[in-house]
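Residues per chain, in single letters:
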Amino acid sequence: MILTTELPAHAGAIERLLDTAFGPKRKAKTVYRLRRGVAPVADLCMVALDEEAPGYSAAQPRLVASIRYWPVMAADGTMTLMLGPIAVAEDYRSAGLGGQLIRASLARAEALGYASVLLVGDAPYYNRFGFTRQPVLGLKLPGPVELDRFLGLEFIPGSLSNAHGMLGRAPVTRTAVPAATTAETAAAETGVAKLARPRRRAVR
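Everything in this summary refers to the structure shown in the same document. (Residues numbered from 1 in each chain as written. Predicted model: local features only at pLDDT ≥ 70, side-chain atom pairs only at ≥ 80, totals over all residues. Heavy atoms only, no water.)

What follows is about unusual backbone geometry. Look at the link from Gly84 to Pro85: it is a cis peptide, with omega at 0 degrees. Examined against the element boundaries, Pro85 turns out to sit in strand β4 (residues 79–88). (Helix = DSSP H or I, 4+ residues; strand = E, 2+ residues; numbered from the N terminus.)

What follows is the structure in structure tokens.
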């Protein structure tokens, strides 16, 4: 199993994975209003590839999980990241791939100099990665969402303390990736993570 950066060639497999995981109406969700017309942050988008899946190979591995990040901006001008979607193939959901992708991509985001990350998801699951309600109390999403699922994480303490107002799409004229030193970039992108192949759960 390999965790690595998403490439353009992975796009079709990712879309099929997301359709299977969340259904064809997923793009009607509030968070998609922040993604429409905006490119994801390429350095932080990652996939899990299984080279040993039946019918696949090292040359053509199976894409079994994906995570993406998007640049967003609050009404007061605060720039931050929105994590999601994250999806894992049904027969791999007991293998811990979701958690591994979250930890690996958050480590990249911090190394590249991002100050914070937001998401909409189940608090009992995302609390383990440091996400809580407190950092986003001054922020609003452009549509309906259960507030206890709107969470934030600060890499730089207090970076969201003054953020307020409606979240919107990041202006296309602003770069999605902050300036980083060569050393920081190298630290964030050193190789790919090769993991022991997890035991797959049979689909019934």
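We are not done yet, so read on.
The next subject is the packing of aromatic side chains. Taken as a whole and assessed by the stated rule, the structure comprises four aromatic pairs. Ring geometry for Tyr125 and Tyr126: centres 5.0 Å apart, planes at 90 degrees, overall edge-to-face. Its relative accessible area of 11% is what places Tyr126 among the buried residues. Aromatic pair Tyr126 and Phe129: ring centres 6.3 Å apart, planes at 55 degrees, arrangement tilted. Just as Tyr126 is buried, Phe129 falls in that class too. By the ring-pair criterion, three or more aromatic residues cluster together here, those being Tyr125, Tyr126, Phe129 and Phe131. We note Arg35 situated over the ring of Tyr32; from NZ or CZ to the ring centre the distance is 4.4 Å. (Phe/Tyr/Trp six-rings, centres within 6.5 Å; stacked < 30°, edge-to-face > 60°. Buried < 20%, exposed > 50% of the residue type's maximum accessible area, 1.4 Å probe, protein only. Lys NZ or Arg CZ within 6 Å of the ring centre and 35° of its normal.)

Here the focus is the environment of Glu154. Mapped onto the elements, Glu154 comes out in strand β7 (residues 150–154). Residue Glu154 is classed as partly exposed on the basis of its relative accessible area, which comes to 26%. Sequence-wise, Glu154 and Gly130 are 24 residues apart; in three dimensions their C-alpha atoms are separated by 8.4 Å. Apart from the residues lying within four places of it in its own chain, the contact partners of Glu154 are Ala115, Ser116, Pro135, Ser159, Leu160 and Ser161. In this structure the side chain of Glu154 is engaged in a polar contact, spanning 3.1 Å, whose partner is the backbone nitrogen of Gly158. (Contact = heavy atoms within 4.5 Å. Polar contact = N/O pair within 3.5 Å; in protein donor to acceptor, adjacent residues only side chain to side chain.)

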